[in-house]
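Structural features, examined
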Amino acid sequence: MTKKCILLLSLLLSLHLQAQMRWNSVYQSYIDQYKNLAIEEMLRYNIPASITLAQGLFESGAGRSELSIKGNNHFGIKCHNWTGPTVYHNDDAANECFRSYDNALQSYEDHSRFLKQNSRYSSLFQLDRTDYKGWARGLKAAGYATNPRYADKLIELIELYKLYTLDQATSYDKFMAKRGGTDKPASNGMLLHPIHLYNKNYYIIARPGDTFKSIGEEIHISYRKIAKYNERNKDDVITPGEVIYLKKKQKHAEKRYKGIYHAIQPGESMYAIAQHYGIRLKSLYKLNNLSPDYQIQAGTLLRLY
């Protein structure tokens, strides 16, 4: 083989590996949604959270596969020794039987039990919880999947998204674990709202068409409560881009704003300022010795803490 051919093959291989390892926002959203659930399962069953998430990503196509949408099956587990609900899907053969679940939480729990109770995977539990490579190769050797590159794919996902950092976790966010596990993919194909954390509260950014009712159905929180947390009427129209909090707001801003003032800008409202800092509106008035009928003036300095 000529030197030119070797260089060309090396370049093609490099491009192929780069294409395989490209970061994907859909995959990252899946990780953000389910990582706390994966950690919860790890602390219960001693299965690395990195392995659980990588398998979920790969087997379900980040929650977008037909099997995960129809049957909430994120791990491609078939019907062997299963008496629960089923769904049929073309895999190694046509119209194969797969386990079906009410939600992702059930799928994650069954995945943990499936590995823990199946003797073919018993040797994996002798490995260190941080040995994701050993787990990935052990799963392939035990016959979890027929793909010859299954272990490599899991390892690539774990390293690209740094999922191995989760294997060191000793706690998890219970709110996010419950929320992530009980959600179903939106029927219109839209991704679930990413949940953010600010001032000891959770929030989402509203999208076109969002209502308090639609957000409540997705998050599994009473939409009346969500409206109340945001000091709004349950029937109010939500503007795209609005911050919508999912728990009761704090009485003051984050500690880093202690001694710092907010200068009111032209067109701002007290409500918009309260939402921006995650403060209850009545608390913002109280912090500044103002009454609710205060006529806002641009340039006025407001205490936040």
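The coordinates are above.
To keep things clear, this report deals only with the structure shown in the data block.

1. A few points about the sheet that holds strand β5 (residues 243-245)
With antiparallel pairing, the three strands of this open sheet are ordered in space as β3-β4-β5. Edge positions in the sheet fall to β3 (196-198) and β5, since each has one partner strand and no second. Ignoring strand direction, the axes of neighbouring strands in this sheet form an average angle of 45°. Where strand β4 (residues 201-205) lies against β5, three bridges are found, and the strand directions are antiparallel. Residue Ile204 lies in a different strand from β5, and its bridge partner there is Ile244. Contacts from helix α11 (residues 270-277) reach β3 and β5, with the element oriented near 65° to β5.

2. A look at the nonpolar core
In this structure, Leu53, Leu115, Tyr144 and Leu163 are the most contacted members of the largest nonpolar core, which totals 44 residues. Of all the secondary structure elements, the ones that give two or more residues to this core are α2 (25-45), α3 (49-60), α5 (104-117), α6 (132-141) and α7 (150-160). Here the element with the most residues in this core is α2; it accounts for 10 residues. Ignoring sequence-local partners within four residues, the contact set of Leu163 consists of Ile31, Ser50, Leu53, Ala54, Leu57, Leu157 and Ile158.

3. Describing the pattern of salt bridges
Two side chains carrying opposite charge are able to pair once their charged atoms lie near each other. Scanning all chains against the criterion turns up 14 salt bridges. The salt bridge involving Lys249 is made with Glu231; its shortest N-O contact spans 2.5 Å. Of this pair, Lys249 sits in the loop between β5 and β6 (261-263) while Glu231 sits in the loop between α10 (223-229) and β5; the two residues are 18 residues apart in sequence, bridging distant segments of the chain. Residue Glu231 is classed as partly exposed on the basis of its relative accessible area, which comes to 31%.

4. Here we look at the packing of α6 against α7
The interhelical angle for the contact between α6 and α7, taken along N-to-C directions, is 150°, at an axis separation of 8 Å. Relative to α7, α6 is oriented roughly antiparallel. α7 is crossed by α6, and the crossing has right-handed handedness. In this structure, α6 contributes Tyr132, Lys133, Ala136, Arg137, Leu139 and Lys140 to the contact, and α7 contributes Tyr150, Ala151, Leu154, Ile155, Ile158 and Glu159. Its residues assigned to classes, the contact of α6 with α7 comprises eight nonpolar, no polar and four charged.

5. Some remarks on the state of the cysteines
Tallied over the entire structure, the rule returns one disulfide. Paired by a disulfide, Cys79 and Cys97 hold their sulfur atoms 2.1 Å apart. Disulfide Cys79-Cys97: torsion about the S-S bond near -75°, hence left-handed. Here Cys79 is found in the loop between α4 (66-71) and β1 (86-89), whereas its partner Cys97 is found in strand β2 (residues 96-99), with 18 residues between them in sequence. Accessibility expressed as a relative area gives 15% for Cys79, which makes it buried.

6. Overview of the side chain of Asn73
Residue placement: Asn73 occurs in the loop between α4 and β1. The class for Asn73 is buried, based on a relative accessible area of 1%. A polar contact is formed between the side chain of Asn73 and the backbone oxygen of Arg99, at a distance of 2.8 Å. Setting aside chain neighbours within four positions, we find Asn73 in contact with Leu67, Ser68, Phe98, Arg99, Tyr101 and Ser107.

7. Here's the deal with the packing of α3 against α7
The geometry of a pair of packed helices is captured by two quantities: the angle between their axes and the separation between those axes. It is at 9 Å that the axes of α3 and α7 come closest, and there the two elements cross at 110°. Compared by their axis directions, α3 and α7 come out roughly perpendicular. At the point where α3 passes α7, the crossing takes the right-handed sense. Residue-level inspection shows Ser50, Ile51, Ala54, Gln55, Leu57, Phe58 and Glu59 of α3 in contact with α7, the latter providing Tyr150, Lys153, Leu154, Leu157 and Ile158. Along the lines of polarity and charge, the residues of the contact of α3 with α7 split into eight nonpolar, two polar and two charged.

Procedures and definitions
- Residues numbered from 1 in each chain as written.
- Predicted model: local features only at pLDDT ≥ 70, side-chain atom pairs only at ≥ 80, totals over all residues.
- Heavy atoms only, no water.
- Pairing = 2+ DSSP bridges.
- Helix = DSSP H or I, 4+ residues; strand = E, 2+ residues; numbered from the N terminus.
- Axes fitted to C-alpha atoms, helices over the stretch in contact; angles between N-to-C directions.
- Contact = heavy atoms within 4.5 Å.
- Core = buried A, V, L, I, M, F, W, Y, C linked by side-chain atoms within 4.5 Å.
- Buried < 20%, exposed > 50% of the residue type's maximum accessible area, 1.4 Å probe, protein only.
- Salt bridge = Lys/Arg side-chain N within 4 Å of Asp/Glu carboxyl O.
- Parallel < 35°, antiparallel > 145°, perpendicular 65-115°, else oblique.
- Left-handed = near helix turned anticlockwise from the far one by under 90°.
- Nonpolar A, V, L, I, M, F, W, Y, C, P; charged D, E, K, R; others polar.
- Disulfide = S-S within 2.5 Å.
- Polar contact = N/O pair within 3.5 Å; in protein donor to acceptor, adjacent residues only side chain to side chain.

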